[in-house]
Amino acid sequence: PILTLTSDYGEGSPHIAQLKGAILSRASLATVVDVTHSICKFDPLQAVFQLKQVVHEFPDNTVHMLC
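Values in this document were obtained by computation on a predicted structure and should not be read as measured data.

## Digging into the overall build of the protein chain
Here is step 1: Of regular secondary structure, the protein chain possesses 2 helices and 3 strands.
Here is step 2: Computed over its C-alpha atoms, the radius of gyration of the protein chain comes to 12 Å, within 12% of the 11 Å expected for a compact globule of 67 residues.
Here is step 3: Here the analysis covers contacts within the protein chain between residues at least 6 apart in sequence; of these, 67% occur between residues at least 24 apart.
Here is step 4: With the model as given, the accessible surface of the protein chain reaches about 4500 Å², and the carbon-plus-sulfur share is 61%.
Here is step 5: Here the protein chain holds 4 positive side-chain charges and 6 negative ones, and the gap between their average locations is 7 Å.

## Observations regarding the pairing of strand S1 (residues 2-6)
Here is step 1: Of all 5 residues that make up S1, 4 are buried, and the element is covered over most of its length.
Here is step 2: This β-α-β element, S1 to helix H1 (residues 14-26) to strand S2 (residues 31-36), shows right-handed connectivity.
Here is step 3: Bridge analysis of S1 against strand S3 (residues 63-66) gives 4 bridges, and the strand direction is parallel. Looking at S3, one finds that Leu5 is bridged to Met65.

## Section: the sheet that holds S3
Here is step 1: With respect to topology, 3 strands assemble into an open sheet ordered S2-S1-S3, the strand pairing being parallel. Each having just a single partner strand, S2 and S3 make up the two edges of the open sheet. Between one strand axis and the next, the sheet turns by 25° as a mean value, whatever way the strands run.

## Quick look at the nonpolar core
Here is step 1: Counting 5 residues, the largest nonpolar core consists of Leu3, Leu5, Leu19, Ile23 and Ala30.
Here is step 2: Among all residues touching Leu19, those that are not within four sequence positions of it are Leu5, Tyr9, Met65 and Cys67.

Conventions used here
Residues numbered from 1 in each chain as written. Predicted model: local features only at pLDDT ≥ 70, side-chain atom pairs only at ≥ 80, totals over all residues. Heavy atoms only, no water. Helix = DSSP H or I, 4+ residues; strand = E, 2+ residues; numbered from the N terminus. Rg over C-alpha atoms; globule rule 2.2 N^0.38 Å. Contact = heavy atoms within 4.5 Å. Areas by Shrake-Rupley, 256 points an atom, 1.4 Å probe, with all protein chains shown as cover. Lys, Arg positive; Asp, Glu negative; His and termini not counted. Charge placed at Lys NZ, Arg CZ, Asp CG, Glu CD. Buried < 20%, exposed > 50% of the residue type's maximum accessible area, 1.4 Å probe, protein only. Right-handed = clockwise from strand over helix to strand, strands pointing away. Pairing = 2+ DSSP bridges. Axes fitted to C-alpha atoms, helices over the stretch in contact; angles between N-to-C directions. Core = buried A, V, L, I, M, F, W, Y, C linked by side-chain atoms within 4.5 Å.

Written out as C-alpha cells, the structure is:
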C-alpha cells in the first residue's frame with residue numbers, strides 16, 4: 001500500500017516521524033510519501049490545493065492522509 005502525507009506540522013517536526021512510525025508499526029510494508037508538511041496551520045483549502053497537484057500521479061488505491 002502507498003500512503004501520502006500532507007500536514008501543517010512544519011518541515012523537520014518530530015511529529016512527522018511519530019506519524020510515520022505509527023503507520024509503519026501497523027503496516028510495515030507500506031510506502032509512505034511526503035507531499036508537504038508546510039501547510040499553513042488549520043488551512044484545509046491549501047492542503048487540498050497541494051494534494052490536487054500530485055494526486056493524479058499515484059495509483060488509484062493510494063491512501064492520501066491530510067493531517
